[in-house]
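Inside the fold
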Amino acid sequence: GNNYVFALDLEEPGGYKAQMTAASDLGELSQIPVSLLCGSVPCAVFTFSGTGGSSTTIERDMFFPNKYEILRLYFGQSGLKAKEIRFVFDKPLSEIANFH
């Protein structure tokens, strides 16, 4: 698979919506997982179906306790064209239950 490493410099730690947009020419029965790792720990999986070439967006809840995060996207198989990944601020640390 392919790995892509990138860093986030967040204005505010807390809860985020991770929105990944991608397209695939594969049939709709195809399942194409993309793992997002925080450091070396899997923190979200986006599983795309084949889209016949059109773009689709999947959203996952994320939690970033620090201002800086090193993330890695891992594509376990070919056939997916990643278009964009966005991180949209959702709520501050103070509103997240069980935060220590």
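The structure we're discussing is the one just above.
Now for a description of the structure that goes with this document. (Residues numbered from 1 in each chain as written. Predicted model: local features only at pLDDT ≥ 70, side-chain atom pairs only at ≥ 80, totals over all residues. Heavy atoms only, no water.)

Attention now moves to the pattern of salt bridges. Applying the stated criterion across every chain yields a total of three salt bridges. A salt bridge links Asp61 to Lys17, with the nearest nitrogen and oxygen atoms 2.6 Å apart. Of this pair, Asp61 sits in strand β5 (residues 55–64) while Lys17 sits in strand β2 (residues 14–23); the two residues are 44 residues apart in sequence, bridging distant segments of the chain. Overall, the relative accessible area of 54% leaves Asp61 in the exposed class. For Lys81, the salt bridge identified is with Asp25, shortest N-O distance 2.9 Å. Here Lys81, found in strand β7 (residues 81–92), pairs with Asp25, found in the loop between β2 and β3 (31–38); they are 56 residues apart in sequence, far enough to count as distant. With relative accessibility at 44%, the residue Lys81 sits in the partly exposed group. The exposure class of Asp25 is exposed, given its relative accessible area of 56%. (Salt bridge = Lys/Arg side-chain N within 4 Å of Asp/Glu carboxyl O. Helix = DSSP H or I, 4+ residues; strand = E, 2+ residues; numbered from the N terminus. Buried < 20%, exposed > 50% of the residue type's maximum accessible area, 1.4 Å probe, protein only.)

Following the criterion strictly, the structure yields five aromatic pairs and no others. Seen from their ring centres, Tyr16 and Phe64 are 5.6 Å apart, and the 55° between their planes marks the pair as tilted. Of this pair, Tyr16 sits in strand β2 while Phe64 sits in strand β5, and the two are 48 residues apart along the sequence. A relative accessible area of 6% places Tyr16 in the buried class. (Phe/Tyr/Trp six-rings, centres within 6.5 Å; stacked < 30°, edge-to-face > 60°.)

Okay, the state of the cysteines next. Under the definition given, this model contains one disulfide. In this model Cys38 forms its disulfide with Cys43; the gap between the sulfur atoms is 2.2 Å. Disulfide Cys38-Cys43: the torsion about the S-S bond is 80°, which places it as right-handed. (Disulfide = S-S within 2.5 Å.)

Ordered by their spatial adjacency, three strands build an open sheet running β5-β2-β7, and the pairing between neighbours is antiparallel. Taken across any chain shown, the strands that pair with only one partner, and hence form the sheet edges, are β5 and β7. Recorded for the sheet is a direction-independent mean angle of 20° between the axes of neighbouring strands. Pairing of β2 with β5 involves 10 bridges; the strand directions are antiparallel. Bridged to Gly15 within β5 is Phe63. (Pairing = 2+ DSSP bridges. Axes fitted to C-alpha atoms, helices over the stretch in contact; angles between N-to-C directions.)

Purely geometric stuff here, so don't read any function into it on its own.
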